[in-house]
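# Understanding the architecture of this molecule
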Amino acid sequence: MRRQFEILYEDRDILVVYKERNLLTIRSEDPKTFSKNLYHYVHDYLVFHHERPFIVHRLDFETSGVLVFAKNPMVKERLQKCFEERTVVRLYEAVVREDVPLGKTIRVKMNVEQNRNTYRVYRTKEGKEAITLFQAINKIQIGTALKVEILTGRKNQIRLALHEKGLTMIGDTRYAFDKDKRMYLNAYYLLFPEESGLKKREFFRTPLWIAEKLPIKRLSDK
């Protein structure tokens, strides 16, 4: 049976994997996905080493990308604190249908909130702050490939930010109402701060649509 994730790095404290698209990160009580989610697959892998995974952060079902699992509660709490304090560098790539001029960094700052009934995230004056930066890097056959940096970690933040700017993320059926073979959003880079206590702090997987190599330059550094 083909493994449902790719291992990028592992030590006694963490397991770093690459999640495929159209795969839940967390456990589910839904019979259709109860044993078909990333947590389940990672748990089955670690149990052979008498270890268990602890979820540190998530990616949306449709989004592929790099994810870190802790192997004990102390590491989980320490890493989650880094996310809460906004000290983790998180870079994504996305593809939009529009012809976006290359090079200029665009900043989208808004407050967002999730509807408890529909689970849809929307812009509001009283919601949580969401800050997204994006820059058009190159053109591909189906559109413009963007480099994206999030300074906060809100649900559907990138999708909503691009929608607010009138851009159509390819395959985003929730906000752009666009259908394709996949949603073109991929998380390719994570960098934890020194206070994370990790032996290795930088994790990278070659992007699918933009030309990006190590060392990585943040959009927020400009």
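It should be noted that the structure appears before, not after, this text.
Before going into details, it helps to say that this report is about the structure given with it. Predicted, not measured: the structure shown is a model, and the values here were computed from it.

### Re the pairing of strand β4 (residues 64-70)
Most of β4 is tucked away, with seven of its seven residues classed as buried. Here strand β2 (residues 14-19) runs beside β4; their pairing, made up of six bridges, is antiparallel. The residue of β4 that forms the bridge with Val-17 is Leu-67. Alignment of strand β3 (residues 54-55) against β4, held across two bridges, turns out to be antiparallel. Note on β4: the bridge partner recorded for Ile-55 is Phe-69. Two elements, β4 and strand β10 (residues 185-191), share two bridges in a ladder whose sense is parallel. Residue pairing across strands places Ser-64 opposite Asn-186, the latter belonging to β10.

### Considering the packing of aromatic side chains
What the rule picks out here adds up to six aromatic pairs. A ring pair is formed by Phe-5 and Tyr-45, whose centres lie 6.2 Å apart and whose planes are at 80 degrees; its orientation type is edge-to-face. Taken together, the residues Phe-5 in strand β1 (residues 5-10) and Tyr-45 in helix α1 (residues 38-47) connect sequence positions 40 residues apart. Pair check on accessibility: Phe-5 and Tyr-45 agree, each one buried. Relative to Phe-203, the ring of Phe-192 has its centre 6.5 Å away and its plane inclined at 75 degrees; by these criteria the two rings are edge-to-face. Taken together, the positions of Phe-192 in the loop between β10 and β11 (202-204) and Phe-203 in strand β11 put the pair eleven residues apart, joining distant regions of the chain.

### Looking at the pattern of salt bridges
Across all of its chains, the model carries 16 salt bridges by this definition. Two residues, Glu-164 and Arg-123, come together in a salt bridge whose shortest N-O distance is 2.8 Å. With Glu-164 in helix α3 (residues 157-164) and Arg-123 in strand β7 (residues 121-123), the pair connects residues that are 41 residues apart, well separated along the chain.

### Details of empty space enclosed by the protein
By the definition in use, this model includes one cavity of 30 Å³ or more. Space inside the largest cavity adds up to approximately 30 Å³. Its residues assigned to classes, the lining of the largest cavity comprises three nonpolar, no polar and three charged.

### A look at the side chain of Glu-93
Turning to its location among the elements, Glu-93 is positioned in strand β5 (residues 89-96). Although buried, Glu-93 forms no salt bridge, and the nearest oppositely charged side chain, Arg-205, lies 7.3 Å from it. Looking at Glu-93, its side chain comes within polar contact range of the main-chain nitrogen of Leu-208, at 2.5 Å. When residues no more than four places from it in sequence are discounted, the contact partners of Glu-93 are Leu-146, Tyr-184, Leu-185, Asn-186, Tyr-188, Pro-207, Leu-208, Trp-209 and Ile-210.

### Some details on helix α2 (residues 73-84)
Taking 1.5 Å of rise per residue, twelve residues should cover 16 Å, and α2 covers 16 Å from first to last C-alpha, within 8% of that figure. Along α2, the residues classified as buried are Val-75, Leu-79, Cys-82 and Phe-83. Here the buried residues of α2 occupy an arc of 100 degrees about the axis, which is enough to place them on one side. Opposite the packed face of α2, turned more than 90 degrees from it, sit the exposed residues Met-74, Glu-77 and Glu-84.

### A look at the layout of surface pockets
When its volume is computed, the largest pocket comes out at roughly 1,200 Å³. Considering the residues around the largest pocket, the lining is formed by 40 residues, among which Arg-58, Asp-60, Gly-153, Arg-154 and Lys-155 are closest to the centre. Where the lining of the largest pocket is concerned, the elements lending two or more residues are α2, β5, β6 (105-114), α3 and β10. Per element, the largest residue contribution to the lining of the largest pocket is five residues, and it comes from β10. Here the residues of the lining of the largest pocket sort into 19 nonpolar, nine polar and twelve charged.

### What to know about the side chain of Thr-25
Mapping Thr-25 onto the fold places it in the loop between β2 and α1. Using a relative accessible area of 4% as the deciding quantity, one classes Thr-25 as buried. A polar contact of 2.9 Å, which involves the side chain of Thr-25, links it to the backbone oxygen of Leu-59. Not counting residues up to four positions away in its chain, the partners in contact with Thr-25 are Lys-19, Leu-38, Tyr-39, Ile-55, His-57, Arg-58, Leu-59 and Leu-67.

Reading guide: rules and limits
Residues numbered from 1 in each chain as written. Predicted model: local features only at pLDDT ≥ 70, side-chain atom pairs only at ≥ 80, totals over all residues. Heavy atoms only, no water. Buried < 20%, exposed > 50% of the residue type's maximum accessible area, 1.4 Å probe, protein only. Helix = DSSP H or I, 4+ residues; strand = E, 2+ residues; numbered from the N terminus. Pairing = 2+ DSSP bridges. Phe/Tyr/Trp six-rings, centres within 6.5 Å; stacked < 30°, edge-to-face > 60°. Salt bridge = Lys/Arg side-chain N within 4 Å of Asp/Glu carboxyl O. 1 Å grid on protein atoms, 1.4 Å probe; cavity = no way out; pocket = protein on both sides within 12 Å on 5 of 7 lines; lining within 4 Å. Points joined across faces, edges and corners; volume = space filled by probe spheres on them. Nonpolar A, V, L, I, M, F, W, Y, C, P; charged D, E, K, R; others polar. Lys, Arg positive; Asp, Glu negative; His and termini not counted. Polar contact = N/O pair within 3.5 Å; in protein donor to acceptor, adjacent residues only side chain to side chain. Contact = heavy atoms within 4.5 Å. Expected span 1.5 Å × (residues − 1). Arc of directions from axis to C-beta.

The values are spatial; any link to function lies outside them.
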